[in-house]
Every structure is written in structure tokens, then in C-alpha cells.
Amino acid sequence: MHVALIPDGNRRYMKKKGILSLGESYAKGIQKFYDFLEWCADFGADEVTIYALSTENIENRGKKEIETLFTVFSQQAENALSDERIHNRRVKVNFCGDRNFLLNVVSHRDLARKLVDNLEKLEDSTKDYGNLTLNLAIAYGGRQEILQAAEKISLDDLPFTEENLKANLWVKDYPDILIRTSEDRLSNFLIWQAAYSEMYFPDKLWQEFTRSDLEEIIQDYEGRERRFGK
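K.L.:
Help me understand the packing of helix α1 (residues 10-17) against helix α2 (residues 22-42), please; the structure alone is not making it clear to me.
P.N.:
The relative placement of two packed helices is expressed as an angle between their axes plus a distance between the axes. Between α1 and α2, the shortest axis-to-axis distance is 10 Å and the interhelical angle comes to 115°. The angle between α1 and α2 places the two elements in the roughly perpendicular class. Handedness of the crossing formed by α1 with α2: right-handed. Contacts from N10, R11 and M14 of α1 reach α2 at L22, S25 and Y26. A class-by-class count of the residues in the contact of α1 with α2 yields three nonpolar, two polar and one charged.

K.L.:
I would appreciate a short explanation of unusual backbone geometry in the present structure.
P.N.:
With the exception of glycine, the majority of residues adopt a negative phi angle, and the majority of peptide bonds are in the trans configuration. One non-glycine residue, D157, adopts positive backbone phi at about 55°. With a relative accessible area of 69%, D157 lands in the exposed category. The phi dihedral of N188 is positive, around 65°, even though this residue is not glycine. Looking at where N188 falls in the secondary structure, it is placed in the loop between β5 (177-180) and β6 (198-200). For N188, a relative accessible area of 12% gives the class buried.

K.L.:
Would you mind going over the pairing of strand β4 (residues 132-140) with me for this structure?
P.N.:
The element β4 is extensively covered by neighbouring structure, given that nine of its nine residues are classed as buried. Sheet topology note: the strand β2 (residues 47-54)/β4 ladder contains seven bridges and is parallel. By the bridge assignment, V48 is partnered in β4 with L134. In the sheet, strand β3 (residues 91-96) pairs with β4 via six bridges, with the strands oriented parallel. Directly across from N94, in β4, lies its bridge partner N135.

K.L.:
Looking at this structure, how should I read helix α7 (residues 109-126)?
P.N.:
For an α-helix the count is 3.6 residues per turn, leaving residues at separations of three or four pointing the same way. Compared with an ideal rise of 1.5 Å per residue, which puts 18 residues at 26 Å, α7 spans 26 Å between its outermost C-alpha atoms and is within 8% of the ideal. At its buried positions, α7 is contacted by α4 (63-80), α5 (84-87), β3, α6 (99-103) and β4.

K.L.:
I'm lost on the sheet that holds strand β1 (residues 2-6) in this one. Help?
P.N.:
One key point about sheets: their strands pair by backbone hydrogen bonds, in either a parallel or an antiparallel sense. Strand order in the open sheet formed by six strands is β3-β4-β2-β1-β5-β6, and the pairing between neighbours is parallel. In this open sheet, the two edge strands, each paired with only one partner strand, are β3 and β6. Ignoring strand direction, the axes of neighbouring strands in this sheet form an average angle of 20°.

K.L.:
Can you walk me through the nonpolar core in this structure?
P.N.:
Side chains of a nonpolar character, in soluble globular proteins, are inclined to be buried together. Counting residues in each nonpolar core, the largest one holds 54 residues, and the members touching the most others are F33, F36, L102, L134, I177 and I179. Per-element accounting of this core gives the leading share, nine residues, to α2. Beyond its immediate chain neighbours, meaning those up to four positions away, F33 contacts L5, V48, I50, L134 and W206. If you look at the next biggest cluster of nonpolar residues, it comprises 12 residues, including Y51, A137, L190 and A194.

K.L.:
Help me understand the environment of Y34 in this model?
P.N.:
Relative to the helices and strands, Y34 is located in helix α2. Y34 sits in the buried class, given a relative accessible area of 9%. Sequence spacing of Y34 and I86 is 52 residues, and the spatial spacing of their C-alpha atoms is 9.0 Å. Excluding its chain neighbours within four sequence positions, the residues that come into contact with Y34 are Q76, A80, D83, R85 and I86.

Conventions and cut-offs
Chains are numbered independently. Their residues run from 1 in the order of the written sequence. The predicted nature of this model means local features are confined to residues of pLDDT at least 70 and side-chain atom pairs, given and counted, to a pLDDT of 80 or more, with totals for whole chains, interfaces and linings taken over all residues. As a convention, hydrogens and water are excluded, and side-chain values are obtained from all of the structure's heavy atoms. Angles shown run from 0 to 180 degrees and are taken between the N-to-C directions of axes, each axis being a line fitted to C-alpha atoms and, for helices, limited to the stretch in contact. Runs of H or I in DSSP of at least four residues are treated as helices and runs of E of at least two as strands, each being numbered from the N terminus. We call two directions roughly parallel when the angle between them is under 35 degrees, roughly antiparallel when it is over 145, roughly perpendicular when it lies between 65 and 115, and oblique otherwise. Crossing handedness: left-handed means the near helix sits turned counterclockwise from the far one by under a right angle, and right-handed means the same turn made clockwise. Between two residues, a contact is recorded if the distance between any of their heavy atoms is within 4.5 Å. Three classes are used: nonpolar for Ala, Val, Leu, Ile, Met, Phe, Trp, Tyr, Cys and Pro, charged for Asp, Glu, Lys and Arg, and polar for all others, with Gly counted as polar. When a residue's accessible area, from a 1.4 Å probe over protein chains only, is under 20% of the maximum for its type it is buried; when over 50% it is exposed; and in between it is partly exposed. A pair of strands is considered paired only if DSSP assigns at least 2 bridges between the two. What a helix should span is 1.5 Å times the count of its residues minus one. Take the buried Ala, Val, Leu, Ile, Met, Phe, Trp, Tyr and Cys residues and link them wherever side-chain atoms come within 4.5 Å; each set so joined is a nonpolar core.

Written out as C-alpha cells, the structure is:
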């Protein structure tokens, strides 16, 4: 079972709880994601994809917020190199996004380089694991993903087929379940892969999402008849 996640509501949670530090708030959101990853494994998932940072976020958020996000994600990737929650569960981590775009964010180039380096180290240190796959969608956009896949197919002079497109996507497997907290749209996330996903939009901010919420979603999913056009 492949579970995809858009963990939305961080800034609203900050305001609701009176948290003054953006870095502290995002760090709390990441710790919640570690819980989510363990819950998914407990409920039988073998793949999780998280929409951590979109290309639109990078282009449109303020300089200070992007600096904070790059710093927090970079530190978390570095910490994960020795985190037992990753290594005891043998979680294979994939960095899924536009690395060239990320490295060419001119006003944040040094921070972006460090972030990419730490993510690539994490990929390398977990590449032989196979219990659970974690796809980190960072500098990710669904339209951009399709365009770069099409470009690769063209450069390799391959026929434009669904199989060839899928092979060149950043996220190659199709999610069974897609969850977005506090909002009810895809926002350029997995727009090819989610064609037949079961979608859930719990009315909670990300940091308020619980194990019981996930259990309820999975129970509902397991009770659905998935017809795939039949």
C-alpha cells in the first residue's frame, strides 16, 4: 500500500498555538511526520510519499521562510543519517524533485547546496533498505515532473507511452491513498500518479492529525471497491 501525504496547515497551527519561531513550528511538523511514517508501517504500508516543499513554495514564499525551510530540512536530513527510526525500520529514502531548480535558487544557493548534499547522503545510506520506501518530494511540482519526463523520453528517442513516462517520473509508483490535511485540492502534487488514488481531506491542521485519523482512513479505504473504470 502506497500512502501519499500533503501535510498542510503549519502556519495556521503557529498562529493558533502562539508559536513565534517558524523553524520550531516546522520542526514539530517533521516530528509528527516521523510518527506518521511509523503509523503507516504499522498499518501495512510499504511506500509513503510526502509533499515537503513545492517549486511554487520556493518561488513565492518570502526569503526568510525559504531560508528557514532549507535549514530545517537540511538539518533533519543530516540527523536522519543516524536516526534509529529510519535505520531500524530499514526505510529507503528517495529525494524526488528538481535538483537543478533547487541548486539554482540564486539567493539561497549555499543553503540549497547543503540541503541537496545531505539529502543525497541520506539516499546513499539507505539505498539497500527495502522494508519501507519514503519519497521526499522537495522542489517538486507535478507539471514540472511530467515535462522533465517527456524531455527525457524525447532525448532518448523513445516512443511516448505510459510505461516510458512512468519510468522517468520522480515518483514512479502510483499511490493507493492520498491524504491532505486542512485543504481539499492537489496543488500540483502527483497529478499523473493520483489518477485512481482514493483521496481524503481531513479537516485538521497537520500537527493535529492523529494515529486514529489514519486508522479511520485506512479502514475506509479497505472497505471501498476500486473499479479502475470497470
